[in-house]
Structure formats: C-alpha cells, structure tokens
Amino acid sequence: MKRAFVFPGQGSQQPGMGRDLAEAFAPARLFFEEVDDALSQHLSRLMFDGPESDLTLTENAQPALLAASLAVIRVLEADAGFDIAGLAYVAGHSLGEYSAHAAAGTFSVPDAVRLVKRRGQAMQKAVPVGEGAMAALLGLDIDTAREVAAGTAGHGVCVVANDNCPGQIVVSGHTAAVERAVALAAEHGGRRSIMLPVSAPFHCPLMAPAAEIMEEALREISLKAPRVPVVANVTAAPTSDPDEIRELLVEQVIRMVRWRETVLLFKEHEVEEIVEIGAGRVLTGLVRRIDRELPALSVGTAAETEALMKRL
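Just so it is clear, the structure is predicted and the values come from calculations on it, not from any experiment.

Definitions and cut-offs
- Residues numbered from 1 in each chain as written.
- Predicted model: local features only at pLDDT ≥ 70, side-chain atom pairs only at ≥ 80, totals over all residues.
- Heavy atoms only, no water.
- Helix = DSSP H or I, 4+ residues; strand = E, 2+ residues; numbered from the N terminus.
- Rg over C-alpha atoms; globule rule 2.2 N^0.38 Å.
- Buried < 20%, exposed > 50% of the residue type's maximum accessible area, 1.4 Å probe, protein only.
- Contact = heavy atoms within 4.5 Å.
- Areas by Shrake-Rupley, 256 points an atom, 1.4 Å probe, with all protein chains shown as cover.
- Lys, Arg positive; Asp, Glu negative; His and termini not counted.
- Charge placed at Lys NZ, Arg CZ, Asp CG, Glu CD.
- Pairing = 2+ DSSP bridges.
- Polar contact = N/O pair within 3.5 Å; in protein donor to acceptor, adjacent residues only side chain to side chain.

Chemist: Help me understand the overall build of the protein in this model?
Modeler: When helices and strands are counted, the protein shows 14 helices and ten strands. Its C-alpha radius of gyration of 19 Å places the protein within 12% of the 20 Å reference for a compact globule of 312 residues. Over its C-alpha atoms, taken along the principal directions, the protein stretches across nearly 55 × 45 × 35 Å. Buried residues in the protein amount to 57% of all 312 residues. When contacts within the protein are restricted to residue pairs at least 6 apart in sequence, those whose partners lie at least 24 apart make up 75%. Put simply, the protein shows about 12600 Å² of open surface, and 49% of that area lies on carbon and sulfur atoms. For the protein, the centre of its 29 positive side-chain charges and the centre of its 41 negative side-chain charges are spaced 3 Å apart.

Chemist: I'm lost on the environment of Ala 303 in this one. Help?
Modeler: Topologically, Ala 303 is positioned in helix α14 (residues 302–311). Residue classification places Ala 303 among the exposed positions, given a relative accessible area of 57%. Taking the C-alpha atoms as reference points, Ala 303 and Asp 20, separated by 283 residues in sequence, lie 8.8 Å from one another.

Chemist: Explain the sheet that holds strand β10 (residues 296–299) here, please?
Modeler: Taken together, the six strands give an open sheet; going across it, the order is β8-β7-β2-β1-β9-β10, and neighbouring strands pair in mixed fashion. Two strands close off the open sheet at either side, each with one partner strand: β8 (238–239) and β10. Judged from the four bridges that link them, strand β9 (residues 273–277) and β10 form a sheet pairing that is parallel. Opposite Ile 277, over in β10, you have Val 299 as the bridge partner.

Chemist: Would you take a moment to explain unusual backbone geometry for this structure?
Modeler: A negative phi angle characterises most non-glycine residues, just as the trans form characterises most peptide bonds. In this structure, the amide linkage connecting Gly 50 to the following residue, Pro 51, adopts the cis form with an omega of 10°. Within the secondary structure, Pro 51 sits in the loop between α3 (43–49) and α4 (52–55). Its identity as a non-glycine residue notwithstanding, His 203 has a phi of 55°, on the positive side. Mapping His 203 onto the fold places it in the loop between β6 (192–195) and α10 (208–219). Within the chain, Glu 270 stands out as a residue other than glycine whose phi angle is a positive 65°. With respect to the helices and strands, the residue Glu 270 is situated in the loop between α12 (259–268) and β9. Residue Glu 270 is classed as exposed on the basis of its relative accessible area, which comes to 60%.

Chemist: Looking at this structure, I do not really get the side chain of Arg 3. What am I missing?
Modeler: Structurally, Arg 3 can be placed in strand β1 (residues 3–7). For Arg 3, a relative accessible area of 8% corresponds to the buried category. Within the local environment of Arg 3, its side chain forms a polar contact with the side chain of Glu 273, the two groups lying 2.7 Å apart. Residues within four places of Arg 3 in sequence aside, it is in contact with Leu 87, Ala 88, Tyr 89, Val 271, Glu 273, Val 275, Arg 311 and Leu 312.

Next up, the structure:
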C-alpha cells in the first residue's frame, strides 16, 4: 500500500502522552530514556504525569510531541521490522516537520530533540507576551483570508499562518491586527473566528528573531538526505537536498504552513492511506475535511501501534 506518515504539531500535546507506549514496549522505554539524556531533562516524566501547565510551555511541548511521535516509529522498527524507506512520503505540521525529518534520518534523534527545544525557546522569546496573537478564521477560503489579513493594515502585522483545510485558516501577527482580522472575517462571510490560546504569533514575520537562531542552530548539525521524501511546509513539495532542507526549516518559522496543499499532493500522487503518528488526532481530522475519500488514521497509543504493526 502506498502510504504517507504525518506528524502533529503544537497543540496536540496532552498529559499522559506516550505512557502506555512505554509500558507496553521496551523500545519505547529506551527511546524516552534516550530523549531525556539528550536534553538532560526528565521530559518523559513531564509527558507521562504532567502538570499540564508545564507540558504546554512551548519549549517543553515541542520536544515532547517529537518524542511521542518518534517513539512509535522506534517500536515499529524494532518490533515489526518497519523501514521508513518503504513509505511514499512523510510530512509534519509545523513542529511536526522536524519529527518527519528525524524519522526519515535527516538528523539524529539527539540533534532533533535539542533542535526543537531550542526552537521552542526561540519562538517563545521572539515576541513579548501579549504583543502577538493567532486566530482561526472559520468558513473562509485562503484567498478571502488573505484579503482579511491585508485589511488590517495600520494595526500591525497580520498574515495567514496556516492553511489547514477548506474553511479553517489561521492568521498570526500583532494582537491588535489579529483582533481586527477577527472582526473583518465576519464581514467577509466567515462563519466564526476564534482567538487561539497560544503564547506567541507563530509562522509570521514577527518570528524573525527565532528564524535567525534556528539558522545558526541548523548550521551546527549535520544533515543527511532523508530516506523518504519529506514534504516541506513552506513549499508543499517534497525535498531531499540537505542544504535546501536547512533553508526551508529556517523559512518555516516565519512563513505559512501549507497543509491543505500537502494533503492534496498526497492525493495527486495516489497515496492510498495517511497515518498520523503521535499524540492526538488533529491531522487525521484535517485530512478528512480536505478529502473525505482519502483514508486516514491516528496511531499514538499502544493499542493503535499494535494494530498498525499487523497491517504493515
């Protein structure tokens, strides 16, 4: 079967994530220990037991989500003989793009968890708390959402940050400009808009200081050609060149996540099944809104991992 694995981004974290996987599979337990050692932090304890307030901090949520995803991959490799090279594509939503690259062998697991820890810290510090915001505009298409964002001129920066699926577009920027976008969305036929509970305005030009930090961080590590094509958020196209990957991961901090186009790419290239690897079911839901005929499932728990092993 022609499959794509996809990896969730920030917002999918939840207390208890990864615990039953570690209890059920020795390779997962060893993997979480590897992650803890790489960070010199008991991240797995925070994942398994919380508190939620600490887990949701950007600098913790990002490596935790990556760890939850890659633990599933480690179990599939160790207990089912899974080879990532047998997939058609991998991709990840925002932070999940790092999980996709780590799974594909672009960089090592220790480098990956340290990179996303640094990314989380950099993104959190890029904009003072309260100065930036994000909002989901529901019921608008991408072109109308761009018009809405452009209509906030004079209130600060506001751009489309995530093209998630038809009818779900996220804007990001200065708080006043995003609040103005929420008001304008209704005038443009939007069903409703929701200010998102985030700590910073991700995927917009205000994240430029974080992009500079990630450019330096990515220069410090070795990147290899991935063993399976990785679809980049910035281009919604597969890439395998390490230099291009480095550039795209830097750009990703300040540019739009093109998730709807990513899923449509899978369909165009006759992917038969999309499997969300890790915590939550956000991406599975988005796939179904983009194309209900495209099979999608979520694999993050021990039971779900066992079921997938039987099908691989």
